[in-house]
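Architecture and fold: a report
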Amino acid sequence: MTAPTPLIAGNWKMNGLADALGEARRVAAGLSGTAARVAICPSATLIQRMSAALAGSAVMVGGQDCRAEISGAYTGDVSAEMLADAGANLVILGHSERRAGYGEADELVAAKVVAALRADLEPIVCVGETLAQREAGEALSVVTGQVRGSLPAALAGKAFSVAYEPVWAIGTGLTPTTPQIEEMHRAIRATLSEMFGAAADTAAILYGGSVKPSNAAEILHAAEVGGALVGGASLKAEDFLGIIGAI
Ligand code: PGA
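Now for a look at the structure at hand. This structure is a prediction, so every number in the text was calculated from the model and none was measured.

With that settled, consider the site of the ligand. The environment of the ligand is formed by 13 residues, the closest being K13, H95, E165, G171 and S210. Between the ligand and the protein, one listed contact pairs an oxygen atom with a backbone N or O atom of G171 at 2.7 Å. Looking at side-chain class alone, the shell around the ligand contains four nonpolar, seven polar and two charged residues.

What follows is the structure, encoded as structure tokens:
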């Protein structure tokens, strides 16, 4: 099996004005010989400026969501083509804040993944259980079900990653134990193999949820963890570089 190249992606969520581009520049300047691919996913309004600011650097730029349609009467929405046109290389899809806040179900996430591929964007597809689901012993079935429902057949042979983000670990400072992370990542890997065969061996399975410099090494070295999706700690270059340096 070809090991996936690790990916460390920063999810800036709804944070960052023009002056935050300096942080992105500091990330690019601070990268030294990392084995990981590195990306920052700012708000849609910053994508074009961040792509220009990071041109020629090793840091890729991504979106945080897209509409499945190419264009049309969808006030306020952004298509995958628009993200790519602004300079994005990747896009986060199915984040739990979108699943919970906007009622995005697996089928919609899968349609957005197809849109991303159409626009040559590499999707980062998020999955994760709530605390109630974990306490009910349903974490594995919920997450593997999300993987099956959110990843369309069109991904076969394409570059993509899956981010396992337990909802209860996002922005809370709580993280699963290393055995819990490894159990889930192995289950996701097995599901990907069933769905796509060896074609998915190069897909990285990222962990996300309260990753910070102090816990990054343990998480990133856990079995089947192929990188991280980082929220709060990606907003400061020093913290994000500390996480990247732990790979
Ligand atoms: P967090 O967010 O690192 O702030 O917990 C992760 C995410 O939502 O992707």
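Attention now moves to the nonpolar core. The biggest cluster of nonpolar side chains holds 65 residues, and the ones touching the most others in it are I8, L151, F160, I188 and L192. Those residues in contact with L151 that lie beyond four places of it in its chain are V125, F160, V162, L192, M195 and F196. Counting residues in each nonpolar core, the second largest holds 13 residues, with L90, A163, A204 and L229 among its members.

Bringing the environment of L229 into the picture now. By the element assignment, L229 lies in strand 8 (residues 227–230). In this structure, the C-alpha to C-alpha distance between L229 and Q48, residues 181 residues apart in sequence, is 21 Å.

Attention now moves to the environment of H185. Here H185 shows up in helix 8 (residues 178–196). Note: C-alpha distance between H185 and V225 (40 residues apart in sequence) is 6.7 Å. Here H185 is in contact with Y164, I205, L206, Y207, A223, E224 and V225, once residues within four sequence places are set aside. At a separation of 3.1 Å, a polar atom in the side chain of H185 contacts the main-chain carbonyl oxygen of E224.

Counting across every chain of the model gives zero disulfides. Free cysteine: C41, not disulfide-bonded; nearest cysteine sulfur from C126 at 9.2 Å. Residue classification places C41 among the buried positions, given a relative accessible area of 0%. Exposure remark for C126: the relative accessible area of 1% places this residue in the buried category.

In strand 4 (residues 90–93), alternate side chains face the same way, and those of L90 and I92 on one face and V91 and L93 on the other are all buried. At this point the chain moves from strand 3 (residues 59–63), through helix 3 (residues 80–86), to the parallel strand 4, and the crossover so formed is right-handed. Across four bridges, the pairing between strand 4 and strand 5 (residues 122–127) is parallel. Its bridge partner lying in strand 5, V91 is registered against P123.

What counts, and where the lines are drawn
- Residues numbered from 1 in each chain as written.
- Predicted model: local features only at pLDDT ≥ 70, side-chain atom pairs only at ≥ 80, totals over all residues.
- Heavy atoms only, no water.
- Near = heavy atom within 4 Å.
- Polar contact = N/O pair within 3.5 Å; in protein donor to acceptor, adjacent residues only side chain to side chain.
- Nonpolar A, V, L, I, M, F, W, Y, C, P; charged D, E, K, R; others polar.
- Core = buried A, V, L, I, M, F, W, Y, C linked by side-chain atoms within 4.5 Å.
- Buried < 20%, exposed > 50% of the residue type's maximum accessible area, 1.4 Å probe, protein only.
- Contact = heavy atoms within 4.5 Å.
- Helix = DSSP H or I, 4+ residues; strand = E, 2+ residues; numbered from the N terminus.
- Disulfide = S-S within 2.5 Å.
- Right-handed = clockwise from strand over helix to strand, strands pointing away.
- Pairing = 2+ DSSP bridges.

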